[in-house]
Amino acid sequence: MTNGPGAGIPAVSTAILAMSRHLEVRDVLKTIVASARELLDAEYAALGVPDDHGGFAQFVVDGVSAEQWKAIGPLPRQHGILAAMLHNATPERLADVREDPRFGGWPAAHPDMSDFLGLPVADGDEILGALFLANKRCPKDAPSRREGCGFTEDDERLLGILAQHAAIALTNARLYERSRELTIAGERARLAHELHDAVAQKLFSLRLTAQAATALVDRDPVRAKDELHQVAALAAEAAEELRAAVVELRPAALDEDGLVATLRSQIQVLDRAHAARVSFAAHGVRALPSAQEEAVLRVAQEALHNALRHSGAESVEVTLSRDGQGALLRIADDGCGFDPGAVRRAGRHLGLVSMHDRAGGVGGKLTVESEPGKGTAVEMEVPGG
(Lines give C-alpha, C1' and ligand atoms only; values in the text may rest on other atoms or scores of the structure.)
Protein backbone atom coordinates (compact mmCIF):
# COMPACT_ATOMS: atom_id res chain seq x y z
CA MET A 1 0.00 0.00 0.00
CA THR A 2 1.05 3.66 -0.24
CA ASN A 3 2.62 4.60 3.10
CA GLY A 4 2.98 7.77 5.12
CA PRO A 5 0.82 10.84 4.55
CA GLY A 6 0.40 9.79 0.95
CA ALA A 7 -1.81 7.01 2.23
CA GLY A 8 -4.57 9.60 2.37
CA ILE A 9 -7.56 10.16 4.62
CA PRO A 10 -9.36 6.93 3.60
CA ALA A 11 -6.51 4.75 4.84
CA VAL A 12 -6.23 6.67 8.13
CA SER A 13 -9.99 6.56 8.58
CA THR A 14 -10.03 2.81 7.97
CA ALA A 15 -7.35 2.29 10.62
CA ILE A 16 -9.18 4.43 13.19
CA LEU A 17 -12.51 2.72 12.53
CA ALA A 18 -10.87 -0.68 12.89
CA MET A 19 -9.52 0.27 16.31
CA SER A 20 -12.92 1.54 17.46
CA ARG A 21 -14.76 -1.56 16.32
CA HIS A 22 -13.51 -3.83 19.11
CA LEU A 23 -14.45 -3.87 22.78
CA GLU A 24 -11.99 -6.43 24.15
CA VAL A 25 -8.68 -4.89 25.22
CA ARG A 26 -6.62 -7.63 23.60
CA ASP A 27 -8.43 -7.21 20.27
CA VAL A 28 -7.93 -3.44 20.40
CA LEU A 29 -4.21 -3.84 21.01
CA LYS A 30 -3.84 -6.24 18.08
CA THR A 31 -5.77 -3.93 15.77
CA ILE A 32 -3.69 -0.89 16.79
CA VAL A 33 -0.45 -2.71 16.03
CA ALA A 34 -1.63 -4.17 12.72
CA SER A 35 -3.06 -0.81 11.60
CA ALA A 36 0.13 1.09 12.45
CA ARG A 37 2.34 -1.41 10.66
CA GLU A 38 0.19 -1.37 7.52
CA LEU A 39 -0.36 2.38 7.47
CA LEU A 40 3.34 3.26 7.74
CA ASP A 41 4.55 0.25 5.71
CA ALA A 42 6.92 -1.20 8.30
CA GLU A 43 8.22 -4.75 8.67
CA TYR A 44 7.56 -4.90 12.41
CA ALA A 45 5.23 -3.26 14.90
CA ALA A 46 4.61 -3.76 18.61
CA LEU A 47 2.70 -2.25 21.51
CA GLY A 48 3.59 -2.83 25.14
CA VAL A 49 1.28 -2.08 28.07
CA PRO A 50 3.40 -1.61 31.21
CA ASP A 51 2.77 -3.26 34.54
CA ASP A 52 3.81 -1.93 37.95
CA HIS A 53 6.85 -4.20 38.27
CA GLY A 54 9.16 -2.98 35.53
CA GLY A 55 7.75 -5.31 32.87
CA PHE A 56 4.79 -5.46 30.55
CA ALA A 57 1.32 -6.70 31.43
CA GLN A 58 0.63 -7.17 27.70
CA PHE A 59 2.89 -7.08 24.68
CA VAL A 60 1.45 -7.46 21.19
CA VAL A 61 3.54 -7.80 18.03
CA ASP A 62 2.81 -7.85 14.30
CA GLY A 63 5.23 -9.12 11.65
CA VAL A 64 6.72 -11.85 13.89
CA SER A 65 5.53 -15.44 13.49
CA ALA A 66 4.30 -17.49 16.45
CA GLU A 67 7.40 -19.70 16.16
CA GLN A 68 9.72 -16.67 16.21
CA TRP A 69 7.91 -15.16 19.17
CA LYS A 70 8.21 -18.37 21.18
CA ALA A 71 11.92 -18.64 20.35
CA ILE A 72 12.53 -15.04 21.49
CA GLY A 73 11.53 -16.04 25.02
CA PRO A 74 10.13 -14.02 27.96
CA LEU A 75 8.55 -10.61 27.52
CA PRO A 76 10.93 -7.64 27.43
CA ARG A 77 11.49 -5.43 30.43
CA GLN A 78 11.01 -1.67 30.66
CA HIS A 79 14.52 -0.54 29.79
CA GLY A 80 16.43 1.50 27.23
CA ILE A 81 14.37 3.17 24.54
CA LEU A 82 11.10 1.53 25.66
CA ALA A 83 11.57 2.95 29.15
CA ALA A 84 12.26 6.42 27.73
CA MET A 85 8.97 6.41 25.81
CA LEU A 86 7.06 5.23 28.86
CA HIS A 87 8.68 7.34 31.57
CA ASN A 88 9.35 10.54 29.64
CA ALA A 89 6.37 10.38 27.28
CA THR A 90 8.66 11.30 24.40
CA PRO A 91 8.62 10.07 20.79
CA GLU A 92 11.71 8.31 19.46
CA ARG A 93 12.75 8.33 15.80
CA LEU A 94 16.10 6.71 15.09
CA ALA A 95 17.98 5.99 11.90
CA ASP A 96 19.51 2.89 13.50
CA VAL A 97 18.33 1.72 16.91
CA ARG A 98 21.44 -0.43 17.28
CA GLU A 99 23.67 2.66 17.39
CA ASP A 100 21.70 4.36 20.16
CA PRO A 101 23.65 4.37 23.48
CA ARG A 102 20.53 3.09 25.28
CA PHE A 103 20.35 0.00 23.09
CA GLY A 104 21.03 -3.10 25.17
CA GLY A 105 20.82 -5.84 22.54
CA TRP A 106 18.17 -8.47 22.06
CA PRO A 107 17.82 -12.27 22.22
CA ALA A 108 19.42 -14.41 19.52
CA ALA A 109 16.08 -15.27 17.91
CA HIS A 110 15.00 -11.62 17.77
CA PRO A 111 14.64 -10.25 14.21
CA ASP A 112 17.27 -7.71 13.16
CA MET A 113 15.96 -4.14 13.29
CA SER A 114 17.52 -0.82 12.30
CA ASP A 115 15.36 2.27 11.72
CA PHE A 116 12.89 2.82 14.53
CA LEU A 117 9.87 4.98 15.27
CA GLY A 118 8.08 4.89 18.60
CA LEU A 119 5.51 6.96 20.47
CA PRO A 120 3.82 6.71 23.84
CA VAL A 121 0.08 6.02 23.85
CA ALA A 122 -1.26 8.41 26.47
CA ASP A 123 -4.58 9.34 28.02
CA GLY A 124 -3.88 12.75 29.51
CA ASP A 125 -0.98 12.26 31.90
CA GLU A 126 -1.41 8.48 32.06
CA ILE A 127 0.89 6.47 29.78
CA LEU A 128 -1.13 3.50 28.56
CA GLY A 129 1.60 1.94 26.45
CA ALA A 130 4.46 2.29 24.00
CA LEU A 131 3.74 1.85 20.28
CA PHE A 132 6.68 1.38 17.96
CA LEU A 133 7.60 0.38 14.42
CA ALA A 134 10.85 -0.88 12.92
CA ASN A 135 12.34 -1.37 9.47
CA LYS A 136 10.53 0.94 7.08
CA ARG A 137 10.11 -0.97 3.83
CA CYS A 138 12.43 0.38 1.15
CA PRO A 139 11.06 1.75 -2.10
CA LYS A 140 12.10 -0.43 -5.02
CA ASP A 141 14.33 2.28 -6.42
CA ALA A 142 16.15 2.96 -3.12
CA PRO A 143 19.79 1.82 -3.33
CA SER A 144 19.98 0.92 0.37
CA ARG A 145 18.09 1.10 3.62
CA ARG A 146 20.03 4.18 4.69
CA GLU A 147 19.16 6.07 1.52
CA GLY A 148 15.50 6.96 1.53
CA CYS A 149 14.15 4.14 3.70
CA GLY A 150 13.99 5.50 7.24
CA PHE A 151 10.93 6.89 9.01
CA THR A 152 10.25 10.59 8.34
CA GLU A 153 8.77 13.51 10.24
CA ASP A 154 5.55 12.95 8.30
CA ASP A 155 5.54 9.33 9.48
CA GLU A 156 5.97 10.53 13.05
CA ARG A 157 3.04 12.95 12.72
CA LEU A 158 0.85 10.23 11.22
CA LEU A 159 1.75 7.77 13.96
CA GLY A 160 0.99 10.50 16.49
CA ILE A 161 -2.55 10.81 15.13
CA LEU A 162 -2.94 7.05 15.27
CA ALA A 163 -1.59 6.95 18.84
CA GLN A 164 -4.15 9.55 19.99
CA HIS A 165 -7.03 7.52 18.61
CA ALA A 166 -5.44 4.34 19.95
CA ALA A 167 -5.54 5.86 23.45
CA ILE A 168 -9.26 6.57 23.06
CA ALA A 169 -9.99 3.06 21.75
CA LEU A 170 -7.91 1.42 24.49
CA THR A 171 -9.50 3.50 27.24
CA ASN A 172 -12.99 2.66 25.96
CA ALA A 173 -12.12 -1.04 25.83
CA ARG A 174 -10.81 -0.94 29.40
CA LEU A 175 -13.95 0.82 30.59
CA TYR A 176 -16.11 -1.74 28.79
CA GLU A 177 -14.27 -4.69 30.35
CA ARG A 178 -14.41 -3.09 33.79
CA SER A 179 -18.11 -2.36 33.39
CA ARG A 180 -18.74 -5.94 32.35
CA GLU A 181 -16.77 -7.28 35.32
CA LEU A 182 -18.72 -5.07 37.71
CA THR A 183 -22.02 -6.12 36.13
CA ILE A 184 -21.17 -9.81 36.42
CA ALA A 185 -19.87 -9.41 39.97
CA GLY A 186 -22.97 -7.46 40.99
CA GLU A 187 -25.29 -10.01 39.43
CA ARG A 188 -23.51 -12.88 41.14
CA ALA A 189 -23.65 -11.10 44.50
CA ARG A 190 -27.35 -10.33 44.03
CA LEU A 191 -28.07 -13.95 43.09
CA ALA A 192 -26.12 -15.25 46.08
CA HIS A 193 -27.99 -12.91 48.43
CA GLU A 194 -31.43 -13.84 47.06
CA LEU A 195 -30.64 -17.56 47.13
CA HIS A 196 -29.42 -17.31 50.68
CA ASP A 197 -32.46 -15.36 51.92
CA ALA A 198 -35.12 -17.40 50.12
CA VAL A 199 -33.73 -20.89 50.73
CA ALA A 200 -32.52 -20.19 54.26
CA GLN A 201 -36.04 -19.07 55.27
CA LYS A 202 -37.55 -22.25 53.86
CA LEU A 203 -35.00 -24.44 55.61
CA PHE A 204 -35.58 -22.61 58.88
CA SER A 205 -39.32 -23.21 58.55
CA LEU A 206 -38.66 -26.88 57.86
CA ARG A 207 -36.63 -27.17 61.03
CA LEU A 208 -39.36 -25.51 63.12
CA THR A 209 -42.01 -27.78 61.58
CA ALA A 210 -39.94 -30.86 62.26
CA GLN A 211 -39.35 -29.82 65.86
CA ALA A 212 -43.06 -29.14 66.41
CA ALA A 213 -44.03 -32.46 64.85
CA THR A 214 -41.57 -34.25 67.11
CA ALA A 215 -43.33 -32.86 70.18
CA LEU A 216 -46.86 -33.67 68.88
CA VAL A 217 -46.49 -37.20 67.52
CA ASP A 218 -47.98 -39.85 69.84
CA ARG A 219 -48.24 -42.79 67.52
CA ASP A 220 -44.94 -44.76 67.45
CA PRO A 221 -43.14 -41.83 68.99
CA VAL A 222 -39.68 -43.42 68.98
CA ARG A 223 -39.65 -44.04 65.25
CA ALA A 224 -41.32 -40.72 64.50
CA LYS A 225 -38.77 -38.83 66.52
CA ASP A 226 -35.89 -40.63 64.81
CA GLU A 227 -37.31 -39.80 61.40
CA LEU A 228 -37.96 -36.18 62.26
CA HIS A 229 -34.53 -35.78 63.77
CA GLN A 230 -33.18 -37.06 60.48
CA VAL A 231 -35.22 -34.42 58.65
CA ALA A 232 -33.71 -31.71 60.84
CA ALA A 233 -30.22 -33.10 60.25
CA LEU A 234 -30.77 -33.15 56.49
CA ALA A 235 -32.09 -29.60 56.61
CA ALA A 236 -28.96 -28.49 58.48
CA GLU A 237 -26.77 -30.20 55.88
CA ALA A 238 -28.70 -28.48 53.10
CA ALA A 239 -28.17 -25.11 54.77
CA GLU A 240 -24.44 -25.80 55.02
CA GLU A 241 -24.37 -26.81 51.35
CA LEU A 242 -26.12 -23.57 50.44
CA ARG A 243 -23.58 -21.51 52.35
CA ALA A 244 -20.76 -23.28 50.52
CA ALA A 245 -22.41 -22.62 47.16
CA VAL A 246 -22.90 -18.96 48.00
CA VAL A 247 -19.20 -18.62 48.90
CA GLU A 248 -18.25 -20.22 45.57
CA LEU A 249 -20.49 -17.82 43.69
CA ARG A 250 -18.22 -15.04 44.85
CA PRO A 251 -15.41 -15.04 42.27
CA ALA A 252 -11.82 -15.39 43.40
CA ALA A 253 -9.55 -12.52 42.50
CA LEU A 254 -6.48 -13.51 40.50
CA ASP A 255 -4.29 -10.76 41.99
CA GLU A 256 -5.29 -11.61 45.55
CA ASP A 257 -5.71 -15.39 45.49
CA GLY A 258 -3.29 -16.52 42.79
CA LEU A 259 -3.81 -18.66 39.72
CA VAL A 260 -4.27 -22.05 41.38
CA ALA A 261 -6.87 -20.87 43.90
CA THR A 262 -8.75 -18.88 41.26
CA LEU A 263 -8.89 -21.83 38.85
CA ARG A 264 -9.93 -24.22 41.60
CA SER A 265 -12.74 -21.94 42.77
CA GLN A 266 -14.11 -21.35 39.26
CA ILE A 267 -13.92 -25.05 38.36
CA GLN A 268 -15.80 -26.00 41.54
CA VAL A 269 -18.61 -23.66 40.47
CA LEU A 270 -18.67 -25.15 36.96
CA ASP A 271 -18.75 -28.67 38.39
CA ARG A 272 -21.86 -27.78 40.39
CA ALA A 273 -23.55 -25.94 37.55
CA HIS A 274 -23.14 -28.57 34.80
CA ALA A 275 -24.04 -32.22 34.43
CA ALA A 276 -20.49 -33.03 33.33
CA ARG A 277 -17.91 -33.80 36.00
CA VAL A 278 -15.29 -31.05 36.02
CA SER A 279 -12.11 -31.75 37.99
CA PHE A 280 -8.95 -29.80 38.73
CA ALA A 281 -5.47 -30.81 39.85
CA ALA A 282 -2.34 -28.70 40.36
CA HIS A 283 1.19 -30.10 40.59
CA GLY A 284 4.10 -28.04 41.90
CA VAL A 285 3.04 -24.81 40.20
CA ARG A 286 5.11 -21.71 40.94
CA ALA A 287 3.76 -18.18 40.86
CA LEU A 288 4.05 -16.69 37.38
CA PRO A 289 4.22 -13.05 36.21
CA SER A 290 0.78 -11.44 36.20
CA ALA A 291 0.51 -11.36 32.40
CA GLN A 292 1.19 -15.11 32.17
CA GLU A 293 -1.28 -15.94 34.94
CA GLU A 294 -4.02 -13.87 33.30
CA ALA A 295 -3.39 -15.53 29.94
CA VAL A 296 -3.56 -19.02 31.48
CA LEU A 297 -6.81 -18.16 33.26
CA ARG A 298 -8.45 -16.75 30.11
CA VAL A 299 -7.42 -19.75 27.99
CA ALA A 300 -8.74 -22.13 30.65
CA GLN A 301 -12.06 -20.27 30.74
CA GLU A 302 -12.41 -20.35 26.94
CA ALA A 303 -11.51 -24.04 26.69
CA LEU A 304 -13.90 -24.95 29.53
CA HIS A 305 -16.68 -22.96 27.87
CA ASN A 306 -16.17 -24.93 24.65
CA ALA A 307 -16.06 -28.27 26.44
CA LEU A 308 -19.17 -27.67 28.55
CA ARG A 309 -21.31 -25.91 25.94
CA HIS A 310 -20.38 -27.60 22.67
CA SER A 311 -18.77 -31.00 23.22
CA GLY A 312 -21.44 -32.94 25.14
CA ALA A 313 -18.67 -34.20 27.42
CA GLU A 314 -19.39 -36.26 30.52
CA SER A 315 -16.00 -35.48 32.03
CA VAL A 316 -13.60 -32.53 31.76
CA GLU A 317 -10.20 -32.72 33.45
CA VAL A 318 -8.10 -29.60 34.05
CA THR A 319 -4.50 -29.92 35.19
CA LEU A 320 -1.93 -27.22 35.85
CA SER A 321 1.62 -28.44 36.37
CA ARG A 322 5.08 -27.00 36.68
CA ASP A 323 7.07 -26.99 33.44
CA GLY A 324 10.64 -25.87 34.10
CA GLN A 325 10.37 -22.25 35.22
CA GLY A 326 6.91 -21.98 33.65
CA ALA A 327 3.69 -23.95 33.61
CA LEU A 328 1.66 -26.35 31.49
CA LEU A 329 -2.13 -26.08 31.38
CA ARG A 330 -4.16 -28.99 29.99
CA ILE A 331 -7.94 -29.17 29.52
CA ALA A 332 -9.12 -32.57 28.26
CA ASP A 333 -12.70 -33.72 27.66
CA ASP A 334 -14.36 -36.94 26.48
CA GLY A 335 -16.86 -35.11 24.26
CA CYS A 336 -17.73 -35.36 20.58
CA GLY A 337 -14.48 -33.80 19.35
CA PHE A 338 -14.05 -32.05 16.01
CA ASP A 339 -11.79 -31.75 12.99
CA PRO A 340 -9.58 -28.68 13.68
CA GLY A 341 -8.91 -28.22 9.96
CA ALA A 342 -12.61 -28.21 9.10
CA VAL A 343 -13.35 -25.74 11.88
CA ARG A 344 -10.74 -23.33 10.53
CA ARG A 345 -11.99 -23.67 6.97
CA ALA A 346 -15.55 -23.01 8.07
CA GLY A 347 -14.48 -19.96 10.04
CA ARG A 348 -15.91 -21.39 13.27
CA HIS A 349 -12.94 -21.01 15.53
CA LEU A 350 -14.53 -21.90 18.88
CA GLY A 351 -12.21 -19.29 20.36
CA LEU A 352 -9.12 -21.05 18.94
CA VAL A 353 -7.67 -17.87 17.43
CA SER A 354 -8.18 -15.95 20.67
CA MET A 355 -6.53 -18.74 22.70
CA HIS A 356 -3.55 -18.92 20.31
CA ASP A 357 -3.17 -15.13 20.51
CA ARG A 358 -3.28 -15.11 24.31
CA ALA A 359 -0.64 -17.84 24.48
CA GLY A 360 1.59 -16.14 21.91
CA GLY A 361 1.17 -12.77 23.61
CA VAL A 362 3.05 -14.04 26.69
CA GLY A 363 5.68 -16.02 24.78
CA GLY A 364 3.79 -19.29 25.15
CA LYS A 365 2.46 -21.99 22.84
CA LEU A 366 -1.01 -23.48 22.43
CA THR A 367 -1.78 -26.87 20.89
CA VAL A 368 -5.19 -28.42 20.25
CA GLU A 369 -5.66 -32.14 19.65
CA SER A 370 -9.10 -33.38 18.63
CA GLU A 371 -10.85 -35.89 16.39
CA PRO A 372 -14.55 -36.47 15.82
CA GLY A 373 -15.78 -38.88 18.50
CA LYS A 374 -12.50 -38.83 20.45
CA GLY A 375 -12.74 -35.73 22.60
CA THR A 376 -10.51 -32.69 22.72
CA ALA A 377 -7.32 -31.75 24.56
CA VAL A 378 -6.09 -28.16 24.78
CA GLU A 379 -2.56 -27.56 26.08
CA MET A 380 -0.90 -24.24 26.82
CA GLU A 381 2.77 -23.88 27.67
CA VAL A 382 3.92 -20.62 29.26
CA PRO A 383 7.45 -19.59 30.26
CA GLY A 384 8.27 -18.33 33.72
CA GLY A 385 9.48 -14.89 34.66
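Before reading on, note that the structure itself is shown above.
Notes on the structure in this doc start here. Since the model is a prediction, treat every value here as computed from it, not as a measurement.

1. Overview of the overall build of the protein chain
So, step 1. Across its full length, the protein chain carries 10 helices and 10 strands.
So, step 2. Split into buried and exposed, the 385 residues of the protein chain put 42% on the buried side.
So, step 3. Restricting the contact set of the protein chain to residue pairs at least 6 apart, pairs at least 24 apart contribute 61%.
So, step 4. Carbon and sulfur atoms make up 52% of the accessible area of the protein chain, which amounts to about 20500 Å² in all.

2. Thoughts on the sheet that holds strand 10 (residues 376–382)
So, step 1. Spatially, the 5 strands line up as an open sheet ordered 6-7-8-10-9, and their pairing is mixed. Both outer strands of the open sheet, strand 6 (277–283) and strand 9 (365–370), are each paired with one neighbouring strand and no more. Adjacent strand axes in the sheet meet at a mean angle of 10°, parallel and antiparallel pairs treated alike.
So, step 2. Judged from the 7 bridges that link them, strand 6 and strand 7 (residues 315–323) form a sheet pairing that is parallel.

3. Some details on the pattern of salt bridges
So, step 1. Scanning the model with the defined rule gives 14 salt bridges in all.
So, step 2. Here lysine 30 and aspartate 357 are joined by a salt bridge, their closest N and O atoms 2.2 Å apart. Pair noted here: lysine 30 is in helix 2 (residues 25–39) and aspartate 357 is in helix 10 (residues 352–361), with a separation of 327 residues, a long-range link.
So, step 3. For lysine 30, a relative accessible area of 28% translates into the label partly exposed.
So, step 4. With a shortest N-O distance of 2.2 Å, aspartate 154 and arginine 157 are connected by a salt bridge. Of this pair, aspartate 154 and arginine 157 both sit in helix 5 (residues 153–216), 3 residues apart, which is roughly one turn of the helix.

4. Describing the layout of surface pockets
So, step 1. As a volume, the second largest pocket reaches approximately 570 Å³.
So, step 2. For the second largest pocket, the lining is made up of 28 residues, of which Pro76, Leu82, Gly105, Trp106 and His110 are closest to its centre.
So, step 3. Elements that contribute at least two residues to the lining of the second largest pocket include exactly strand 1 (42–50), strand 2 (56–62), helix 3 (66–72) and helix 4 (80–88).
So, step 4. By residue class, the composition of the lining of the second largest pocket is 21 nonpolar, 5 polar and 2 charged.

5. Structural notes on helix 4
So, step 1. Turning to helix 4, its buried residues are Ile81, Leu82, Ala83, Ala84, Met85 and Leu86.
So, step 2. Positioned one or two residues after helix 4, alanine 89 has a phi angle of 55°, which is positive.

6. What to know about empty space enclosed by the protein
So, step 1. All told, the structure shown has 1 cavity of 30 Å³ or more when counted by the stated rule.
So, step 2. Here the largest cavity defines a volume of roughly 80 Å³.
So, step 3. If you go around the largest cavity, the residues you meet are Arg26, Ala57, Gln58, Ala291, Glu294, Ala295, Arg358 and Val362.
So, step 4. A total of 3 residues in the lining of the largest cavity trace back to one element, the largest contributor, which is helix 8 (residues 290–310).

7. Considerations on the packing of aromatic side chains
So, step 1. Tallied over the entire structure, the rule returns 5 aromatic pairs.
So, step 2. Judged by centre distance (5.2 Å) and plane angle (75°), the ring pair of phenylalanine 56 and phenylalanine 59 falls under edge-to-face. Like phenylalanine 59, phenylalanine 56 is buried.
So, step 3. Here the aromatic rings of phenylalanine 103 and tryptophan 106 are separated by 4.8 Å at their centres, their planes lie at 75°, and the arrangement is edge-to-face.
So, step 4. In this structure tryptophan 106 comes out as partly exposed when scored by relative accessible area, which is 28%.
So, step 5. In textbook terms, an aromatic cluster arises when at least three aromatic residues are bridged by ring pairs, as seen for Phe56, Phe59, Trp69, Phe116 and Phe132.

8. Focus: the pairing of strand 4 (residues 116–123)
So, step 1. The element strand 4 is extensively covered by neighbouring structure, given that 6 of its 8 residues are classed as buried.
So, step 2. Bridging between strand 3 (residues 92–94) and strand 4 involves 3 bridges; their strand directions are antiparallel. Along strand 4, the bridge assignment pairs arginine 93 with leucine 117.
So, step 3. Here 8 bridges tie strand 4 to strand 5 (residues 126–136), and the two strands are oriented antiparallel to one another. Residue pairing for strand 5: proline 120 is matched across the bridge by alanine 130.
So, step 4. Where strand 4 folds back on strand 5, the antiparallel hairpin that results is connected by 2 residues, among which glycine 124 adopts a positive phi of roughly 65°.

What counts and how
What you see as residue numbers is a count from 1 along each chain, following the sequence as written. It should be noted that, the model being predicted, local features are given only for residues of pLDDT at least 70 and side-chain atom pairs only at 80 or more, the latter also being counted only at that level, while totals for whole chains, interfaces and linings use all residues. Heavy atoms from the whole structure form the basis of all side-chain values; hydrogens and water molecules are not counted. Starting at the N terminus, helices and strands are each numbered in turn, a helix being any DSSP run of H or I of at least four residues and a strand any DSSP run of E of at least two. Using a 1.4 Å probe on the protein chains alone, a residue whose accessible area is under 20% of its type maximum counts as buried, one over 50% counts as exposed, and one in between counts as partly exposed. Residue contacts are counted whenever heavy atoms from the two residues lie within 4.5 Å of one another. The method behind every accessible area is Shrake-Rupley, applied with a 1.4 Å probe, and residues are considered shielded solely by the protein chains displayed. Two strands qualify as a pair provided DSSP detects at least 2 bridges between them. Working convention: axes come from line fits to C-alpha atoms, limited for helices to the stretch in contact. Angles between N-to-C directions cover 0 to 180 degrees. For salt bridges, the criterion is a side-chain nitrogen of Lys or Arg within 4 Å of an Asp or Glu carboxyl oxygen. Here a cavity means grid points, on a 1 Å grid over the protein atoms only, where a 1.4 Å probe fits yet cannot get out; a pocket means an open set of points with protein on both sides within 12 Å along at least five of seven lines; lining residues are those with an atom within 4 Å of a point. Grid points are joined across faces, edges and corners, and a volume is the space filled by probe spheres set on the points. Three classes are used, and their members are as follows: Ala, Val, Leu, Ile, Met, Phe, Trp, Tyr, Cys and Pro are nonpolar, Asp, Glu, Lys and Arg are charged, and the others, Gly among them, are polar. Between rings of Phe, Tyr and Trp, where Trp is taken as its six-membered ring, a pair exists when centres lie within 6.5 Å; planes separated by under 30 degrees are stacked, by over 60 edge-to-face, and by other angles tilted.

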